[in-house]
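Reading the structure
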Protein chains: 6
Amino acid sequence: MTHIRIITPSVVEGLRSLDDIAGLGGPGLTFSHVALERGPSSIEGEYDHVIAAPDVVRRAVEAEADGVDAIVIDCMGDPGLQAARERVSIPVVGPGEASMHLAAMLAHRFAIVTILEAVRPMLGNLARVYGVADKLAAIRVVDMPVLELTERRAEVIERLTENAVRCVEDNHAGVIVLGCTGFFGCADAIAAALAERGLIVPVIDPIPAAACVAEALVKARLTHSRHSYRSPREKRVVGY
Amino acid sequence: MTHIRIITPSVVEGLRSLDDIAGLGGPGLTFSHVALERGPSSIEGEYDHVIAAPDVVRRAVEAEADGVDAIVIDCMGDPGLQAARERVSIPVVGPGEASMHLAAMLAHRFAIVTILEAVRPMLGNLARVYGVADKLAAIRVVDMPVLELTERRAEVIERLTENAVRCVEDNHAGVIVLGCTGFFGCADAIAAALAERGLIVPVIDPIPAAACVAEALVKARLTHSRHSYRSPREKRVVGY
Amino acid sequence: MTHIRIITPSVVEGLRSLDDIAGLGGPGLTFSHVALERGPSSIEGEYDHVIAAPDVVRRAVEAEADGVDAIVIDCMGDPGLQAARERVSIPVVGPGEASMHLAAMLAHRFAIVTILEAVRPMLGNLARVYGVADKLAAIRVVDMPVLELTERRAEVIERLTENAVRCVEDNHAGVIVLGCTGFFGCADAIAAALAERGLIVPVIDPIPAAACVAEALVKARLTHSRHSYRSPREKRVVGY
Amino acid sequence: MTHIRIITPSVVEGLRSLDDIAGLGGPGLTFSHVALERGPSSIEGEYDHVIAAPDVVRRAVEAEADGVDAIVIDCMGDPGLQAARERVSIPVVGPGEASMHLAAMLAHRFAIVTILEAVRPMLGNLARVYGVADKLAAIRVVDMPVLELTERRAEVIERLTENAVRCVEDNHAGVIVLGCTGFFGCADAIAAALAERGLIVPVIDPIPAAACVAEALVKARLTHSRHSYRSPREKRVVGY
Amino acid sequence: MTHIRIITPSVVEGLRSLDDIAGLGGPGLTFSHVALERGPSSIEGEYDHVIAAPDVVRRAVEAEADGVDAIVIDCMGDPGLQAARERVSIPVVGPGEASMHLAAMLAHRFAIVTILEAVRPMLGNLARVYGVADKLAAIRVVDMPVLELTERRAEVIERLTENAVRCVEDNHAGVIVLGCTGFFGCADAIAAALAERGLIVPVIDPIPAAACVAEALVKARLTHSRHSYRSPREKRVVGY
Amino acid sequence: MTHIRIITPSVVEGLRSLDDIAGLGGPGLTFSHVALERGPSSIEGEYDHVIAAPDVVRRAVEAEADGVDAIVIDCMGDPGLQAARERVSIPVVGPGEASMHLAAMLAHRFAIVTILEAVRPMLGNLARVYGVADKLAAIRVVDMPVLELTERRAEVIERLTENAVRCVEDNHAGVIVLGCTGFFGCADAIAAALAERGLIVPVIDPIPAAACVAEALVKARLTHSRHSYRSPREKRVVGY
């Protein structure tokens, strides 16, 4: 039995609910979910990242104390991922990192379709840090903010599809990574739309992908390296 | 329920048995196993790779026809991996690819400890193709052939440990990947030996790692891109 | 006097004949030619590669026993290249490797125009392994299978030219590599068509290029490193 | 007249004072200095980085409102650098980024000598993000925490020198970057010690280097790209 | 007080005058200027580079003897930069190197707009040598020779703007580097034209940028590494 | 019949004579040789490179006028290579470029053993420009100036061998490139000394290697791209 804690790095209630996540579970896999008390409504750049990360780490420490088996951060920007790993020993999985590495395994090159120009540099930098920049064929954007993704669902899928087609045909990507966890649930529709055009490419939904990687790590009894992610030294801290 | 077929790319019986593999399973995960009818006794270079690959692909086609959910090739050199993906639609996972990408997720850099100098170029080339060369800190060798690994177990673990220590201390690797599936079952002993020296680094056993990635792909309903791995065109083939 | 054995990795008779090759010779250079007994009709992907490679290696061993000076594999995918080098000491040259390195010497960037989307990943991976990915500006495809190249010659040249123009003008390539040995004999026509448009760029025909590199290695008394390409260890092999 | 605000990302008073900084000024250059109200005592890893960054950004916004010309963050890890750039239009300079790029201009390769193994991954990742990883020959550590650097000055200089010598002789670095702003003031002593051994290599003190880059940007009327670093969208934020 | 000598690598009088440069100075910064006695009229390729470099070095040695504080070579191709550093100990700054590194600090990626196709390979190679190729999004050309830039000013600005827009919109560059010192004085007009289109990106004028970097090095008491740039050994030289 | 002109970029008579070169010829291959009228005695850094290059180009133009088939520049630093290509249409081959690409074809990684620390940066930069840096395992130096290589032959071979052994054993190079054309004639002795230690690695003598590549280009009717290496525009030049 594996229990995964999903941490949504947002102060908005209802952006992600246990209902959304329940479908990911199955025999031997359960989920719990928390949002932030302090932080932004959504992550659309480096500043949002910075003000989300401290509470993500606090939630990660709490999750380990609660006895969960692994943690998934619910954002493609992976806010707080590396810091959380310094504070806990259970696996902490970022959808950005997990979906880029999965994508790299499924084709010779992958592409990311994300929300806004504002996150292009952040995703590009993550690909460099994660060591997969060589496999990243393109980043394209639908130009829609996170908080409008739910109400404008049809438009989201249409624009994701258009961009995905260009990623495959113009940039020779063999896999599409949805570049925002707010696109949760859109992958099948886009894969189907691509298939109608004769393009048989996997579309990675980052939250399920991250959850599956987290479960795989638990099953393989693997976690991040404490040699690379060292526990912070004892010293005075103010406000955290 | 996920069923994974392990294909050992060797004609030697008993090198890998269902007993070895049984321990990997659990609720919802079962395994079957086949070896090759034609090919080498072990993979220790590019020639062995070439004469193993055709039968690996044949076994992969057979596995898909048998209705298994995913395939794991039982060799760090991933012989036949890319070709098998052109012939089947279920996930085909190579321990080389899977363990390098997992390693890249668990630390800032990883190292591989493998059997012989002869496979150093092959592993280095795979890291380039898989897009993770930037994260590969070192390849070190224990200088022992595959077919002696079982009978010389204590010596294997001792040499793996010595090399792993150097990978961490001299090459600043944060994760060790065991660079041969013949090292199956050694990971815990090496991790423990490292921990005794104060080095808390994950040690990846490639077969369990690949099996967990295969199961994760099945759960996430993902497989390789048929756009990148296209079915061969109909044409005359002799001898296969 | 240098004698080169051309190994065509196909079971189709007449795809390549000594007549085609005779023109490459000259004072001090002679050729012989063999095809495969077992394998595919043409190489258009990783699976074709896998089923061609064993017989390519067998033919390479035979060539060395016959006393030839060097071997050229007649396919841009270089099937069996690395394995053959483990089995023989005379130079084994792949048109893919040789023409990419020659191209890298003749301009700041080069491009490849090849047959089908299906081989794009394979050529991209070879460029990574050969260490010249940094100089590869683009891969473009004419979308025609190997076995139609001879009968549709005019169309082949027209499409190669169109793609070559785009490689130079859009991707800033300074050299064009013909990405299939089935394009043998087309280079001059394409170079002339480019020159008519004011684009003075070399067009590399991979078979003559590989033959010239093979002869150069023989003259320089160089061959591949047996330290990198080690003879396989003695062990049981079935079926090869 | 250029006025630079130094933001020390620590809650410890006296770690950096205006006295330290006064010497950097000159005709036309003045400094002011602030520390954090909330955050860690020192930055020795990713978690420290995460809890320092929000207050660094707040201090940067305050600095711009105060009318300063440029901002320097007083830490090699550049905490909050990218986020601050999204919030202000005046130049924000990180010593990590500035000193790595200066170093890249002064020799064919550079090395960093830093405090602890714990920051090695962070500095390596920054080099990737800043695009200078290709010029980074080595990272070496003196194994001393930030808060002991002042009282153990002689030992600090001795260990920095030993490591610097190895960077030059073993890793072929042509420039040494001091990898912590806590090494402020040590550069001349190390350069002199290297020169005594016949090694004429620049030693970059990151705080003066960053200040000079900040002044250069002001003089050249350049600042970071608002196209790359976009102002955060209006939305609800809690706690910041 | 910092005095910078500008060396224009051209034999044409009046291409650059002290009037052009005066505006760069300020309190504490003065300039002097020399052209070449032997060399080309302008640098538009590798041959021009080769015949300019010897006299650039001679002028650099002369400048150091004159007691100037730093040298700026007035050409994006940085002719003689590395050789001059072997002969003098004061900082020698190339606008190519300085502006590429500044650009790399101001955005996640930058682009260069230059004069002619003929210099594309040279600039691409410089980016590789300087270690910033990973941040270079594109090189675009206005297709105008150096010696026509002054008289066709309006056209120059129009074409620079068009190309800059494409660099930002199509290649996702966040900074524009003007790729020829003959574009001196155009940066503000282009930045303004970009801003009108809503693109807030810095435009780097390489001569002021190089001058500011040179002054920064002087202030930080840094110069190039004599370990990397060694004084030539005593030996017979003819004609120089 | 192919005639190659060797241009030695030195003003010293007798450093290279037709006697040295005669042995490279054979049926269908003849050589002529020139040195420089203006330039350095030897190339041991960037300044030597700069003062050799103009006369190398002049000699290249003269060679083409003389009707030779190809040109080889007799120095691993390839002075004037790119500029000469702008001025002539016959192949111009640099031993640095040719031997690095040949080496890249003969093993998975190669190393260079050269004369002095002073040339390390230059060779490293050439590897980046030529696109083979990824295959370059190490550069090691014997610490002997060019003009002493002839009289200290035994010592040269001894030191080359020691360094070559370390390149193979410590840096995992599969091929050794002799990093100075002054090492002409040493390759066989070093290869034999390596073989005695059980290390079967090719040793590339750069002058014969470059000559063989030049002949191969002539036979393949290939030359450098005039699109990449454009003829200089007509304009005033002083002193050349």
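Residues numbered from 1 in each chain as written. Chains lettered and ligands numbered in written order. Predicted model: local features only at pLDDT ≥ 70, side-chain atom pairs only at ≥ 80, totals over all residues. Heavy atoms only, no water.

At their nearest point, the C-alpha atoms of chain B and chain E are still 13 Å apart, with no contact between the two. There is a gap between chain A and chain F: no contact, and a shortest C-alpha distance of 13 Å. (Contact = heavy atoms within 4.5 Å.)

This part is about the interface of chain B and chain A. Facing 45 residues of chain B, the contacting portion of chain A comprises 45 residues. Roughly 3,300 Å² is buried in total at the junction of chain B and chain A, and carbon and sulfur atoms are behind 62% of that figure. Of all residues in chain B, B:M105, B:L106 and B:H227 give up the largest surface area on contact with chain A, accounting jointly for 20% of the area buried on that side. The interface formed by chain B and chain A includes 4 salt bridges. The salt bridge partner of B:K219 is A:E215, with a shortest N-O separation of 2.7 Å. (Buried area = accessible area lost by both parts, 1.4 Å probe. Salt bridge = Lys/Arg side-chain N within 4 Å of Asp/Glu carboxyl O.)

Moving on, we get to the environment of A:D188. Residue position: A:D188 is located in helix α7 (residues 187–196). For the pair A:D188 and A:T114, spaced 74 residues apart in sequence, the C-alpha separation works out to 16 Å. (Helix = DSSP H or I, 4+ residues; strand = E, 2+ residues; numbered from the N terminus.)

Peptide bonds are, in most cases, trans, and in most cases residues other than glycine have a negative phi. Even without being a glycine, A:R221 presents a positive backbone phi close to 50°. The exposed category is assigned to A:R221, whose relative accessible area is 63%. Positive phi, normally seen in glycine, also occurs at F:H172, with a value near 60°. Relative to the elements of secondary structure, F:H172 occurs in the loop between α6 (153–169) and β8 (175–178). (Buried < 20%, exposed > 50% of the residue type's maximum accessible area, 1.4 Å probe, protein only.)

This paragraph deals with the interface of chain F and chain D. Between chain F and chain D, the contact holds 4 residues from the first and 4 residues from the second. The three residues of chain F that bury the most area against chain D are F:R120, F:P121 and F:R128, which together make up 90% of that side's buried surface. Linking chain F with chain D are 1 salt bridge. Residue D:D134 pairs with F:R128 through a salt bridge whose shortest N-O separation is 3.3 Å. Counting every contact that joins chain F to chain D gives 2 residue pairs in polar contact (both at pLDDT 80 or more). (Polar contact = N/O pair within 3.5 Å; in protein donor to acceptor, adjacent residues only side chain to side chain.)

Bringing the packing of aromatic side chains into the picture now. Summed over the entire model, instances satisfying the criterion amount to 0 aromatic pairs over all chains. A cation over an aromatic ring shows up here: B:R38 above the ring of C:Y240, its NZ or CZ 4.7 Å from the ring centre. When the ring centre of E:Y47 is taken as origin, the NZ or CZ atom of F:R87, which lies over that ring, is 4.6 Å away. (Phe/Tyr/Trp six-rings, centres within 6.5 Å; stacked < 30°, edge-to-face > 60°. Lys NZ or Arg CZ within 6 Å of the ring centre and 35° of its normal.)

This brings us to the relation of the copies chain F and chain D. Both copies of the chain are related by a screw-like operation: a rotation about an axis and a shift along it. Rotating chain F by 120° and translating it 0.0 Å along the rotation axis places it on chain D, where the RMSD comes to 0.0 Å. Look at the turn and shift together and you get a three-fold axis relating the two. Residue F:D134, judged by its C-alpha, is the member of chain F lying nearest the rotation axis, at 6.1 Å. (Least-squares fit on C-alpha atoms with pLDDT ≥ 70 in both.)

Below, the discussion takes up the sheet that holds strand β4 (residues 70–73) of chain B. Residues and elements named next belong to chain B. Overall, parallel pairing links the 4 strands, which are arranged β2-β1-β4-β5 in an open sheet. In this open sheet, the two strands that pair with only one neighbour each are β2 (29–34) and β5 (92–93). With 2 bridges connecting them, β4 and β5 associate as parallel partners. Bridging across to β5, V72 finds its partner in V93. Helix α2 (residues 46–66) contacts β1 (2–7), β2 and β4 of the sheet and is inclined by roughly 160° relative to β1. (Pairing = 2+ DSSP bridges. Axes fitted to C-alpha atoms, helices over the stretch in contact; angles between N-to-C directions.)

All names here are of chain B. Here strand β6 (residues 110–114) lies mainly inside the structure; 5 of its 5 residues are buried. Here β6 shows a buried face lined by F110, I112 and T114 and a second buried face lined by A111 and V113. Bridge analysis of β6 against strand β7 (residues 136–141) gives 5 bridges, and the strand direction is parallel. Residue pairing across strands places F110 opposite L136, the latter belonging to β7. Where β6 meets strand β8 (residues 175–178), 4 bridges bridge the pair, whose relative direction is parallel.

Attention now goes to a nonpolar patch on the surface. Side chains of A:V237, A:Y240, D:V237 and D:Y240 sit close together on the surface and give an oily, nonpolar patch of about 280 Å² of accessible area. Counting through the fold element by element, D:V237 comes out in strand β10 (residues 237–238). Under the relative-accessibility criterion, D:V237 is labelled partly exposed at 32%. (Patch = residues over 30% accessible without salt bridge, like charges linked within 9 Å, V, L, I, M, F, W, Y side chains within 5 Å. Areas by Shrake-Rupley, 256 points an atom, 1.4 Å probe, with all protein chains shown as cover.)

Take chain B, turn it by 180°, move it 0.0 Å along the axis, and it overlays chain A with an RMSD of 0.0 Å. What the rotation and shift describe, once combined, is the action of a two-fold rotation axis. A shared interface surface links the copies, since 100% of the contact residues of chain B are contact residues in chain A too.

Turning our eyes to something else, we now look at the pairing of strand β1 (residues 2–7) of chain D. Residues and elements named next belong to chain D. Of all 6 residues in β1, 5 are buried; the element is thus mostly enclosed. Two elements, β1 and strand β2 (residues 29–34), share 6 bridges in a ladder whose sense is parallel. Following the sheet pairing, I6 is matched in β2 by H33. As defined by bridge partners, β1 adjoins strand β4 (residues 70–73) across 4 bridges and the pair is classed as parallel. The partner of I7 across the bridge, within β4, is I73.

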